[in-house]
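# Coordinates in review
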Amino acid sequence: MSEHFDVHGGARLTGEVEVVGAKNSVLKLMAAALLAEGTTTITNCPRILDVPLMADVLRSVGCHVEIDDDVVRITTPAELSHEASSSAMSKLRASVCVLGPLVGKLKKAVVALPGGDAIGSRPLDMHQNGLRKLGATSAIEHGCVVAEADGLHGAQIWLDFPSVGATENILMAAVLAEGTTVIDNAAREPEIADIAAMLGEMGAKISGAGTSTLTVEGVAELKPTEHRVIGDRIVGATWAFAAAMTRGDVTVTGVDPHHLELVLEKLRLAGAEVTTYDGKGFRVRQPERPESVDFVTLPYPGFATDLQPFAVALSSVSNGTSMITENVYEARFRFIEEMVRLGADARTDGHHAVVRGVGALSSAPVWASDIRAGAGLVLAGLCADGVTEVWDVFHIDRGYPHFVENLNRLGARIDRVGTPGPESD
Ligand code: UD1
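Below or above, wherever it landed, is the structure these notes cover. Just so it is clear, the model here is predicted, and its values are computed rather than measured. (Residues numbered from 1 in each chain as written. Predicted model: local features only at pLDDT ≥ 70, side-chain atom pairs only at ≥ 80, totals over all residues. Heavy atoms only, no water.)

### Notes on the sheet that holds strand E23 (residues 365–367)
- Taken in spatial order, the 4 strands line up as E23-E25-E1-E26 in an open sheet, and their pairing is mixed. Two strands lie at the open edges of the sheet, namely E23 and strand E26 (413–417), each paired on one side alone. Across this sheet, the average inter-strand angle for adjacent strands is 25°, counted without regard to direction.
- Note: strand E1 (residues 4–8) against strand E25 (residues 387–391), 5 bridges, orientation antiparallel. From the neighbouring strand, His8 faces E25, where its bridge partner is Val387.
- Where helix H11 (residues 371–382) meets the sheet, it contacts E1, E23, E25 and E26, and its direction lies at approximately 30° from that of E1. (Pairing = 2+ DSSP bridges. Helix = DSSP H or I, 4+ residues; strand = E, 2+ residues; numbered from the N terminus. Axes fitted to C-alpha atoms, helices over the stretch in contact; angles between N-to-C directions. Contact = heavy atoms within 4.5 Å.)

Structural data, given as C-alpha cells:
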C-alpha cells in the first residue's frame, strides 16, 4: 500500500505562494562542490527527496554532507574517490553530473549509470564526446561510465543538441583543464547560468553563460564558496498553470519572471491577466474559461519539456483545440493516457498531441509516471467533478517541496492518504 492523493475537484486557487530553489540547479551545484577542497555552502535548497539522494552520491566519493533545513554544506576532502557507486546513483538522473567534476579534479571517474524519470531515452553520448575532446577516454563498462585522462586540455566542442546535462558535465570538467575550451550550441537554461555563476565565485573563468557559446579559461584550482540557488521556474510555472486552469488569482514569489517569459505569454494568450515583478515573481489571474493555445517544447528559451503535462492539462479544459508538440522527450505523452481517464479529449500522433477542450473533467483513479506528470494530474483533478485519486505520488515529492500544503493554502482540498511508498524511482 503506497500513498495517494485525494484531489477534490472544483477549487478556485487564490493567494500567494513562495517558490524555493530549483531542483534542476541544486543537484548540479552540489556536484560542482567536488571541484574545490573545503566546505561549500549552498542556500535556498528545496526540501525534496533528490537532495538527500545527491548527498549520498557525494558521500560515496568521500565528501561529508550536512543538510540543515534549506542549507546544504558539502566538505570535499583532499583525497577524493573517483568511484561514485552509491545505490542513490540509480535513483536520480542528476547523479551523472558528478562525472565532469571528478574527471576535472581527479582525471579519472567511474560513475554508475543514472536513473531518474521514465520520460524517454536519455543517452550520454554528448557527455562522453565532450570529455573525449578534452583529452579523456570514455567508455561504458559494467553499468558504469568510465573516463580517464593523463591531463585535460582545452578544446572546441560543438554539441549536436543543446543538452543541459552534457553542457554541465563538459563545463565542470573544462574549468580545471589547461587552456581554453569553447562549447558551442551550449544549453542556455537559467540553471546553466546558475552553475556558471557559482563556478565563477569559486574562481573559474567562464564567459557567455546563458548564451549558446560558453568560453572557459582553465585554472589550476578552485576554492569553496557560498551560493544561493535560483528560484525554481518549473515549480513557479506549475502554480501559474494551476491559477489559469482553476480560473484563480495566484501570486508567485521567489522566481525570476524573466525565466518564464514564454510561459507567461502563452497564459496571456489563453486569457490570463499577468503582472510581473522584476526579479521577484508574478501574478496570474484568469477571469474566464481559458482559450486554447498551441505549445511546442524546445530547449530554453523555448517552452520547457517539463511543462508539457501542464500544457496538456490546461488545453483539456480550454475553449477550443490545441496542438502540442513534444521535441525533447518522446515518452512524456504517456501522461495523456491518464488524462483520457479523467475525460480529456486528447490523442497523440508521434510527436504531436491534439487536445480538444471539454467543459469539465470527470474524476477517476490515475497514476503519476514522473514528477511533472504527477503534478499535472493533480491540477487536472482540481478541474474534475468529484474526488480524483492520484497514485504513485512519490514522484511528485521528488520535485515539489510541500506540494499538498501549498495547494491547500491556495484553497484546494487535497488529502494525502496511506503510508509512504518507495523513496524514488
Ligand atoms: C532536460 C531539459 C531541461 C530540464 C531537465 C529536467 C531540454 C533541452 N532539457 O535536461 O530543460 O530542466 O530535462 O527535466 O529541454 N541527449 C542525447 N545525448 C546526450 C544527452 C542528451 O541524445 O548525451 C538528448 C536526450 O535524449 C534528450 C535531449 O538530448 O532528447 C535533451 O537532453 P538534456 O538536455 O541533456 O536533458 P536533461 O539534462 O535531462
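From this point, the narrative continues.
### Some remarks on the sheet that holds strand E17 (residues 281–285)
- With mixed pairing, 4 strands are arranged side by side in an open sheet as E2-E15-E17-E16. Pairing within the sheet leaves two strands with one partner each, and these edge strands are strand E2 (14–18) and strand E16 (273–277). For this sheet, the mean inter-axis angle between neighbouring strands, taken without regard to orientation, is 10°.
- The pairing of E16 with E17 spans 5 bridges and is classified as antiparallel. The partner of Glu273 across the bridge, within E17, is Arg285.

### Let's talk about the layout of surface pockets
- Roughly 920 Å³ of volume is contained in the largest pocket.
- Forming the boundary of the largest pocket are 45 residues, of which Arg122, Val164, Gly165, Val328 and Tyr329 lie nearest the centre.
- When residues of the lining of the largest pocket are traced back to their parent elements, those giving at least two are helix H1 (23–32), helix H4 (125–133), helix H5 (164–174), helix H7 (233–245) and H11.
- Among the elements that make up the lining of the largest pocket, the one with the highest residue count is H1 (4 residues).
- Grouping the amino acids of the lining of the largest pocket by side-chain chemistry returns 20 nonpolar, 9 polar and 16 charged.
- Per-domain counts for the lining of the largest pocket show at least three residues from each of domain 1 (2–19 + 231–419) and domain 2 (23–228). (1 Å grid on protein atoms, 1.4 Å probe; cavity = no way out; pocket = protein on both sides within 12 Å on 5 of 7 lines; lining within 4 Å. Points joined across faces, edges and corners; volume = space filled by probe spheres on them. Nonpolar A, V, L, I, M, F, W, Y, C, P; charged D, E, K, R; others polar. Domains from an automatic or database assignment.)

### What to know about the pattern of salt bridges
- If you walk through the whole model with that rule in mind, you get 16 salt bridges.
- The closest approach of N and O atoms between Asp69 and Arg47, which form a salt bridge, is 2.8 Å. Note that Asp69 is positioned in the loop between strand E4 (64–68) and strand E5 (71–76) and Arg47 in the loop between strand E3 (38–43) and helix H2 (50–60), a separation of 22 residues in sequence.
- Residue Asp50 pairs with Arg398 through a salt bridge whose shortest N-O separation is 3.0 Å. With a gap of 348 residues between them, Asp50 in helix H2 and Arg398 in helix H12 (residues 394–399) connect regions that are remote in the sequence. The exposure classification of Asp50 matches that of Arg398, with both residues buried.
- Sharing partners across several salt bridges, the network here consists of Glu3, Asp397 and Arg416. (Salt bridge = Lys/Arg side-chain N within 4 Å of Asp/Glu carboxyl O. Buried < 20%, exposed > 50% of the residue type's maximum accessible area, 1.4 Å probe, protein only.)

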